[in-house]
Amino acid sequence: MRGICGYATAMAMIAMPALANDSMAELKTGGLTYVRTGDISMDDEKLFISPTEVKVDYIFENTSDKDVESVVAFPMPDIEGVLDSTVAIEDADADNFLDFTVMQDGKPITPTLQQNVTVAGIDMTAELKAHNIPLRPLGSAAFKAVAKLPPDVLEDWTARGLITDDEYDDDGQGMKRHSTPIWTLHTTYWWRTKFPAGAKISVQHRYKPSVGGTVAITFAGDDDYKKEQLKTYQTKYCVDDAFLKTAAKLSDAADKGGRGYTESWISYVLSTGANWSGPIKHFQLTVDKGSPDNYVSFCGSGVKKTGPTTFQMTAKDFSPEHDLDILILNAVSQN
């Protein structure tokens, strides 16, 4: 889809990896392993994405003549411990940090939580648990627990990339050095379900997206950084000449004291939908840019504007080969 111009509270946030479609999985030693099924097809998927809410409604069909019992898994976004993080999470100490819920045929399901942490692809979960350190790197509990580690452990963990030193004033008493968690947390919810022979079931997810972004428009301009950003955005968000021209005008106006605009980024992993049997028979995507004053760009086919803030695409026999990335230019509120 070409960039869409049109008129989320402005956010300055670190980008986070995407949430994902449901996927079939197997429970093995060490956790979940995703698998492809030949018996269960995705008959319908309705996906709604906005800066404040993601809603996914599926209808699955068991095309075989036997009941199928399986594990269904939903991976949450990775949480990366980074310096000066402003990730959009209301409660970074909560396991369910995006208020994820799931229902099947209208009945709530209580999923099982699986979490592990890695550094440079190496699993460090056992190391943290051995020292009673909470796994969520951005939570206050993890910071407090790390601060109490013995000096030799702090030195070892710094060398291994689990933590780093940062200097800031957190109590009004001046600048101090702090040990900051920088590991990555991986979270997946999973549950067992039965797909009755020859029957359809419905599954619904709801959660709050974690939105990344910047405090200004970063891809419209003549300096080398913005030129490189534009190359990335043209591929990732299908930013076209019209959208770029609009962004340049907005950025120039802001530099001259006019209304400011920020960027927000929302991602969603569509490609795991290919783990089900065959293509998605009917797919519908609705993107809500949040305000009529905002602008949005994302890649899609046959997208139509359906309201002051909403855009929709539909497809039959849809085989998701690429994930979805959405760029929103947010109008900053003027006093």
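Higher on the page you've got the structure.
Calculation rules
Residues numbered from 1 in each chain as written. Predicted model: local features only at pLDDT ≥ 70, side-chain atom pairs only at ≥ 80, totals over all residues. Heavy atoms only, no water. Helix = DSSP H or I, 4+ residues; strand = E, 2+ residues; numbered from the N terminus. Expected span 1.5 Å × (residues − 1). Buried < 20%, exposed > 50% of the residue type's maximum accessible area, 1.4 Å probe, protein only. Arc of directions from axis to C-beta. Contact = heavy atoms within 4.5 Å. Polar contact = N/O pair within 3.5 Å; in protein donor to acceptor, adjacent residues only side chain to side chain. Salt bridge = Lys/Arg side-chain N within 4 Å of Asp/Glu carboxyl O. Pairing = 2+ DSSP bridges.

Peer 1: Mind showing me how you'd approach helix 4 (residues 224-236) here?
Peer 2: Here helix 4 spans 19 Å end to end across 13 residues, near enough to the 18 Å set by a 1.5 Å rise per residue. What helix 4 keeps buried is the set Gln229, Leu230 and Tyr233. Each buried residue of helix 4 sits inside an arc of 105° when the element is viewed along its axis, so together they form one side. Residues Asp224, Lys231 and Thr235 are exposed on helix 4 and point more than 90 degrees away from its buried face. Looking at the buried positions of helix 4, the neighbouring elements they touch are helix 5 (241-255), strand 17 (261-269) and strand 22 (324-331). Sitting at the head of helix 4, Asp223 places a side-chain oxygen 3.1 Å from the backbone nitrogen of Tyr225. The first or second residue beyond helix 4 is Cys238, which carries a positive phi of 55°.

Peer 1: Could you clarify how one ought to interpret helix 2 (residues 140-147) in this entry?
Peer 2: Because each turn of an α-helix spans 3.6 residues, side chains separated by three or four positions end up pointing in the same direction. Of all the positions in helix 2, only Ala142, Ala145 and Val146 are classed as buried. Within helix 2, the buried residues cover an arc of 100° as seen down the axis, which keeps them to one side. Along helix 2, the residues that are exposed and aim more than 90 degrees away from the buried face are Lys144 and Ala147.

Peer 1: Before we go on, may I ask you to explain the side chain of Ser251 in this structure?
Peer 2: Within the secondary structure, Ser251 is located in helix 5. Residue Ser251 is classed as buried on the basis of its relative accessible area, which comes to 10%. Here Ser251 is in contact with Ile217, Ala220 and Lys226, once residues within four sequence places are set aside.

Peer 1: Mind showing me how you'd approach the pattern of salt bridges here?
Peer 2: Where side chains of opposite charge bring their charged atoms close, a pairing between them can arise. Counted according to the given criterion, the structure contains 13 salt bridges. Lys281 is the salt-bridge partner of Glu61, the closest N and O atoms lying 3.1 Å from each other. With Glu61 in strand 5 (residues 54-62) and Lys281 in strand 18 (residues 280-288), this pair connects stretches of sequence that are 220 residues apart. Overlapping salt bridges, with partners in common, bring together Asp43, Glu61, Lys200 and Lys281 in one network.

Peer 1: Hey, could you run me through the sheet that holds strand 15 (residues 200-207) in this one?
Peer 2: As a general point, the strands of a sheet are linked pairwise by backbone hydrogen bonds and lie either parallel or antiparallel. Spatially, eight strands are ordered 9-8-15-5-4-18-21-20 in an open sheet, and the strand pairing comes out mixed. In the strand order of this sheet, the two ends are held by strand 9 (107-109) and strand 20 (304-305), each with one partner. Pairing of strand 4 (residues 40-49) with strand 18, which is carried by six bridges, proceeds in the parallel orientation. Bridged to Leu47 within strand 18 is Leu285.

Peer 1: Looking at this structure, I do not really get unusual backbone geometry. What am I missing?
Peer 2: Of all residues except glycine, most have a negative phi; of all peptide bonds, most are trans. You will see that Asp99, though not glycine, has its phi angle at about 55°, which is positive. A positive phi angle is found at Ala120, which is not glycine, with a value near 55°. Mapped onto the secondary structure, Ala120 falls in the loop between strand 10 (112-119) and strand 11 (122-123).

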